Amino acid sequence: MESFRIRLDYNNMLAEFVGQDGINPAEIDKIQAKIDAAVAAMAAKRDQMAWRDLPHNQDNVVSDILAYAAQVRAKFDTLVVFGIGGSALGPIALQQAIHSPFYNICQTHRSGGPRLFVADNIDPATMARLLDMVDLKTTLFSVVSKSGSTSETMAQFMIIKNMLEQNLGKSAAKDHLVCTTDRENGNLIKIARTEGYKTFYIPGGVGGRFSQLCPVGLLPAAICGIDIRQLLAGAAYMDDLCKSDNNPAYMYAILHYIAMMRGKNISVMMPYADSLKYIADWYAQLWAESLGKKYDRAGNVVNVGQTPVKALGVTDQHSQVQLYVEGPYDKIVVLLGVDSFHADVEIPKTFADVPSLGFLGGHTLARLLTAEQQATEYALMKAGRMNMTITLPQVNEFTIGQLLYMLEMATAFAGELLDIDAFDQPGVEEGKNATYAYFGRPGYETKKAEMDAAPAKNPKYII
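Values in this document were obtained by computation on a predicted structure and should not be read as measured data.

1. Digging into the side chain of Gln96
Inspection of the secondary structure puts Gln96 in helix α5 (residues 86-98). Among all residues touching Gln96, those that are not within four sequence positions of it are Pro101, Asp274, Ser275 and Tyr278.

2. Regarding empty space enclosed by the protein
Per the stated rule, a full pass over the model turns up two cavities of 30 Å³ or more. As a volume, the largest cavity reaches approximately 60 Å³. Lining the largest cavity, in full, are Asp21, Lys264, Tyr324, Pro328, Tyr329, Asp330, Lys331, Val333, Arg385 and Met386. Taken together, the residues that form the lining of the largest cavity break down as five nonpolar, no polar and five charged. By volume, the second largest cavity is sized at about 30 Å³. As for the second largest cavity, its lining consists of Pro91, Leu94, Gln95, Leu116, Gly217, Pro220, Ala221 and Ile226. Residue classes in the lining of the second largest cavity are distributed as six nonpolar, two polar and no charged.

3. Description of the sheet that holds strand β5 (residues 177-181)
In space, the five strands of this open sheet follow the order β3-β2-β4-β5-β6, with parallel pairing throughout. Of all the strands in the sheet, the pair left with one neighbour each is β3 (115-119) and β6 (198-201). Going across the sheet, the axis of each strand differs from the next one's by a mean of 20 degrees, ignoring polarity. Bridging between strand β2 (residues 78-82) and β3 involves five bridges; their strand directions are parallel. Its bridge partner being in β3, Phe82 is matched across the sheet by Ala119. Where helix α8 (residues 151-168) meets the sheet, its contacts fall on β2, β3, β4 (139-144) and β5, and the angle it forms with β4 comes to roughly 150 degrees.

4. Considering the nonpolar core
Most often, soluble globular proteins have nonpolar side chains that are buried together. Ranked by internal contacts, the top residues of the largest apolar core, which has 103 residues, are Tyr252, Ile390, Ile400 and Leu407. Ranked by the residues each element gives to this core, the list is headed by helix α18 (residues 397-418), at 14 residues. Every residue in contact with Ile390, bar those within four places of it in the chain, is listed here: Ile6, Arg7, Leu8, Tyr252, Val334, Leu335, Leu336, Gly337, Leu403, Met406 and Leu407. In this structure, Phe82, Ala119, Val134 and Leu177 belong to the second largest nonpolar core, which totals 21 residues.

5. Regarding the packing of helix α14 (residues 277-291) against α18
Remark: α14 packs on α18, axes separated minimally by 10 Å, with the N-to-C direction vectors making an angle of 20 degrees. Taken together, α14 and α18 sit at an angle that is classed as roughly parallel. Crossing of α14 against α18: the hand is right-handed. Counted together, Ile279, Trp282, Tyr283, Leu286, Trp287, Ser290 and Leu291 of α14 and Ile400, Leu403, Leu404, Leu407, Glu408, Ala410, Thr411, Ala414, Gly415 and Leu418 of α18 form the full contact between these two elements.

6. A closer look at the pairing of strand β7 (residues 266-271)
Among the six residues in β7, five count as buried, and that is most of the element. Both β7 and strand β10 (residues 307-310) contribute to a ladder of four bridges, which runs parallel. Of the residues in β10, the one forming a bridge with Ser267 is Pro308. Where β7 lies against strand β11 (residues 331-340), six bridges are found, and the strand directions are parallel. Within the sheet, the bridge partner assigned to Met269 lies in β11 and is Val334.

7. Here's the deal with the layout of surface pockets
Of the volumes computed, that of the largest pocket is approximately 890 Å³. Lining the largest pocket we find 40 residues, and of these Gly208, Glu289, Gln425, Glu429 and Lys432 sit closest to its centre. Mapped onto the lining of the largest pocket, the elements with two or more residues apiece are α5, α8, α14 and α19 (426-438). Looking at which element gives the most residues to the lining of the largest pocket, the answer is α19, with six residues. Each residue belonging to the lining of the largest pocket can be placed in one class, and the counts come to 11 nonpolar, 19 polar and 10 charged. Its volume calculated, the second largest pocket comes out at about 670 Å³.

8. As for the sheet that holds strand β12 (residues 387-394)
Pairing within the open sheet is mixed, and its five strands lie in the order β1-β12-β11-β7-β10. Edge positions in the open sheet fall to β1 (7-9) and β10, since each of these has one partner strand only. Geometrically, the sheet is characterised by an average inter-axis angle of 20 degrees between neighbouring strands, direction not taken into account. Taken strand by strand, α14 contacts β7, β10 and β11, and its axis lies near 160 degrees from that of β7. Contacts between helix α17 (residues 365-382) and the sheet are confined to β11 and β12, with β11 contributing the most and set at about 155 degrees to the helix.

9. Section: the packing of aromatic side chains
Enumeration according to the criterion identifies 13 aromatic pairs in this entry. Both rings, one in Phe210 and one in Phe423, keep their centres 5.3 Å apart while their planes meet at 50 degrees; by these two values the pair is tilted. Note that Phe210 is positioned in the loop between β6 and α11 (215-223) and Phe423 in the loop between α18 and α19, a separation of 213 residues in sequence. The interplanar angle of 85 degrees and the centroid separation of 5.9 Å between the aromatic rings of Tyr252 and Trp287 together place this pair among those described as edge-to-face.

10. What about the side chain of Asn12?
Turning to its location among the elements, Asn12 is positioned in the loop between β1 and α1 (15-18). With residues up to four places along the chain from it excluded, the contact list for Asn12 reads Phe17, Val18, Glu377, Met381, Arg385, Met386 and Asn387.

Definitions and limits used
Residues numbered from 1 in each chain as written. Predicted model: local features only at pLDDT ≥ 70, side-chain atom pairs only at ≥ 80, totals over all residues. Heavy atoms only, no water. Helix = DSSP H or I, 4+ residues; strand = E, 2+ residues; numbered from the N terminus. Contact = heavy atoms within 4.5 Å. 1 Å grid on protein atoms, 1.4 Å probe; cavity = no way out; pocket = protein on both sides within 12 Å on 5 of 7 lines; lining within 4 Å. Points joined across faces, edges and corners; volume = space filled by probe spheres on them. Nonpolar A, V, L, I, M, F, W, Y, C, P; charged D, E, K, R; others polar. Pairing = 2+ DSSP bridges. Axes fitted to C-alpha atoms, helices over the stretch in contact; angles between N-to-C directions. Core = buried A, V, L, I, M, F, W, Y, C linked by side-chain atoms within 4.5 Å. Buried < 20%, exposed > 50% of the residue type's maximum accessible area, 1.4 Å probe, protein only. Parallel < 35°, antiparallel > 145°, perpendicular 65-115°, else oblique. Left-handed = near helix turned anticlockwise from the far one by under 90°. Phe/Tyr/Trp six-rings, centres within 6.5 Å; stacked < 30°, edge-to-face > 60°.

Quick look at the structure:
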């Protein structure tokens, strides 16, 4: 385990390295009482954070998933996941991390597993093209919605249910659908039981953006051949690390909190590996939806939170890093690095007589990528810009499990430091309710009347 322990390097968050814009140890000492209160709250509220137990209490669930996954792999060549938010971002991030970016188009990369498509938007053109591309007879559709009332996901479900029944017949259609939802409440569980669909359950107290380590993420991962036991083992290992005095998740949150109090309202996540690209997408929802809140727990208007930004090294060294090095002092940059890649490519000594190219010969792409990451860290440090680096010894299920769990714990701890509810999303609910009202859903008449009373758009401002 120790050889695959991920590392948090926060040297470049400190004044000792980045100068006056950095954090002094005295600033951490100054908020020690707040930190102690947050630590106590995390301990006291553990039973209210069911996602923290997912690495430890799912043996039977995992066995069920693996048995079902084996059946699916033998029968279907395509898996389509209908979900949105954490129900989509988590599975995409995990798939990209463990498998090749070319997984869907190269059979040897799939090891007999089905292709995976995650329909995380309801763009009608994209949906139509996806349905044209898959063969209904050999495709499994996974519907993920805890409430069973997610408009986007349930609309997709209604479309595919109708298509399957029209093309395959009602009896055969049910074997092409699997549902992941609440065990007792909501529309989807009622439908699944009535129709006889295979069903997996999202535990109570596990919200969408914290759901990657339950069947929401474990099911598609297992079907595509990802070792979900190792994923959970990595998360359990990080849970143990988060009980130590050197808690990486809490330190990540503390440094971000101090920076936020200084007006650093942007958090950039910049992976230096294609495999980690969509971890930044998953993190963006986790950090933004959890911490972006208007009110604190006492009802005071605080309007807190950081805006997460996704970047990819080295791609965004040539687009965004100019801003990070010389633009406003309003950002923290979190780099994600890898010690050992699964494969490497040597650069030949083709242009040894050209000084501006010859220096590359004999090295590898991994060495070049690592050097560019280190150069970005140096450039940020030299410019006095706060940054930190999370390093994975290797990208595998065990290290990804650690990373996901660490960032979840950091998010929850940051919520305690900010004294906000990190687990609700009232801003999201407002948009959902407005959508229901637009469509005339029963029970939303008051919202519709409120929207009808809003000022009409002035045509003169539309050009």
